Amino acid sequence: MIDIQALNDRFGIHGHLVFKDGTGGLPFLEIQTKHAEAVVSLYGAHVMKYVRRGEKPVLWMSKCSFFEPGKPIRGGIPVCWPWFSAHPRDHAKPLHGFARLRMWTMLSSTVVDDAVEIRLGLLADEGSRSLWPHGFQVQYTVTVGPTLKTELLVMNTDASEMQCTAALHTYFNVGSIRDVVVSGLDGVEYLDKMDGGTRKRQEGDITFDRETDRIYLDTTGACSIEDKKFRRTIRVEKTGSRSTVVWNPWILKSKKTQDFGDTEYETMVCVETANAADDIVTIPPFGSHRLGSTIVIE
Ligand code: TA6
């Protein structure tokens, strides 16, 4: 049982950061700043909410999300690590790795200019080694201010190299998916998961009129999500990432997914800062890798 009072005593910041007990007994923290507010679950180090003062939420959350140990929270920014999608050799292992299914440890909380920065940690243990035979220390830094910055620092604590894939699997809140245009991937090769993983090349901007599930490869550039209904553009900048994943489940997949409302696909799009498929990250012994995303509202 996590001691909320102890967390508030040690990491709470008056007027800026408070811990609370959440649905399913999963503790979360609320962040308030001059520019924005956010909610982060310690379960999965999962940013569930980011909204700038007077604006519509930037992140999408399903009204049907589970809040149960062992099941991922649906929406916000799932931390997918140490593998993206199915485990490469054992599909019985959890989709998108185990980081989003673990309780993370608070490491620090600070006010930095007009932002609040928190760091959460995850260490290898018997449970993780039963799924993935590596020693590691992971630190996840979330900076809530006029922009939302997230960074996943993976440290390899073994004397052997580590290979992993990952995604900051961000669900963005949009007015209507049919009026959304994603740009920044023109000419980039992608794997079309809706066409058996066929390799294709993006021509122009991305629009949505069906289930869309694509892993764009060898791309380090920023993407923009133009939301015509909300009359805003969300820019997704990234570091340490060579893949961008674009996903909308559309009608049938939404209906088939228990923690996804039948029509919720209409108001979300995933543009994920990732290293997936061919873009495997190799971390040398005692080395490290940083995967970072900055979300800017224009
Ligand atoms: O990132 C897109 C994707 O890999 C889709 O194929 C879909 O599986 C989605 O992730 C959500 O996965 P989840 O395990 O969270 O339901």
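Criteria and cut-off values
- Residues numbered from 1 in each chain as written.
- Predicted model: local features only at pLDDT ≥ 70, side-chain atom pairs only at ≥ 80, totals over all residues.
- Heavy atoms only, no water.
- Helix = DSSP H or I, 4+ residues; strand = E, 2+ residues; numbered from the N terminus.
- Polar contact = N/O pair within 3.5 Å; in protein donor to acceptor, adjacent residues only side chain to side chain.
- Contact = heavy atoms within 4.5 Å.
- Near = heavy atom within 4 Å.
- Areas by Shrake-Rupley, 256 points an atom, 1.4 Å probe, with all protein chains shown as cover.
- Nonpolar A, V, L, I, M, F, W, Y, C, P; charged D, E, K, R; others polar.
- Buried < 20%, exposed > 50% of the residue type's maximum accessible area, 1.4 Å probe, protein only.
- 1 Å grid on protein atoms, 1.4 Å probe; cavity = no way out; pocket = protein on both sides within 12 Å on 5 of 7 lines; lining within 4 Å.
- Points joined across faces, edges and corners; volume = space filled by probe spheres on them.
- Phe/Tyr/Trp six-rings, centres within 6.5 Å; stacked < 30°, edge-to-face > 60°.
- Lys NZ or Arg CZ within 6 Å of the ring centre and 35° of its normal.

**What about the side chain of Thr 33?**
And step 1. Its location among the elements puts Thr 33 in the loop between β2 (28–32) and β3 (36–41).
And step 2. In terms of polar contacts, Thr 33 uses its side chain to reach the backbone amide nitrogen of His 35, at 3.1 Å.
And step 3. For Thr 33, the contacting residues outside a window of four places in its chain are His 16, Arg 53, Asp 114, Ala 115, Val 116, Val 144 and Gly 145.

**Considering the site of the ligand**
And step 1. In the vicinity of the ligand, the contacting residues are Arg 74, Phe 84, Leu 95, His 96, Arg 100, His 169, Lys 193, Asp 213, Val 245, Trp 247 and Glu 272.
And step 2. Between the ligand and the protein, one listed contact pairs an oxygen atom with a side-chain N or O atom of Lys 193 at 3.2 Å.
And step 3. Asp 213 has a polar side-chain atom sitting 2.6 Å from an oxygen atom of the ligand.
And step 4. Bound to the protein, the ligand loses 86% of the 390 Å² it would expose on its own.
And step 5. Residue composition of the shell around the ligand, grouped by class: 4 nonpolar, 2 polar and 5 charged.

**Topic: the environment of Val 111**
And step 1. With respect to the helices and strands, Val 111 occurs in strand β6 (residues 105–112).
And step 2. We classify Val 111 as partly exposed; its relative accessible area is 44%.
And step 3. Along the chain, Val 111 and Ile 13 lie 98 residues apart, while their C-alpha atoms are 8.3 Å from each other.
And step 4. Beyond its immediate sequence surroundings of up to four residues, Val 111 is in contact with Ile 13, His 16 and Val 116.

**Digging into empty space enclosed by the protein**
And step 1. Taken as a whole and assessed by the stated rule, the structure comprises 3 cavities of 30 Å³ or more.
And step 2. The volume enclosed by the largest cavity comes to roughly 70 Å³.

**A short note on the packing of aromatic side chains**
And step 1. Applying the stated criterion across every chain yields a total of 13 aromatic pairs.
And step 2. Considering the side-chain rings of Trp 81 and Trp 132, the 5.2 Å spacing of their centres and the 75° angle between planes classify their relative orientation as edge-to-face. In this pair, Trp 81 is assigned in the loop between β5 (79–80) and β6 and Trp 132 in the loop between α2 (126–131) and β8 (136–144), connecting sequence segments 51 residues apart. Comparing Trp 81 with Trp 132 shows no difference in burial state: the two are buried.
And step 3. Ring centres of Tyr 190 and Tyr 216 lie 4.8 Å apart, and the angle between their planes is 40°; this geometry places the pair in the tilted category. One end of the pair, Tyr 190, is in strand β14 (residues 189–192); the other, Tyr 216, is in strand β16 (residues 212–216), and 26 residues separate them in sequence. Comparing Tyr 190 with Tyr 216, the two get one shared label, buried.
And step 4. The structure contains a cluster of three or more aromatic residues connected by ring pairs, namely Trp 81, Trp 83, Phe 98, Trp 132 and Phe 136.
And step 5. Positioned over the ring face of Phe 230 is Lys 56, at 5.1 Å from the centre of the ring.

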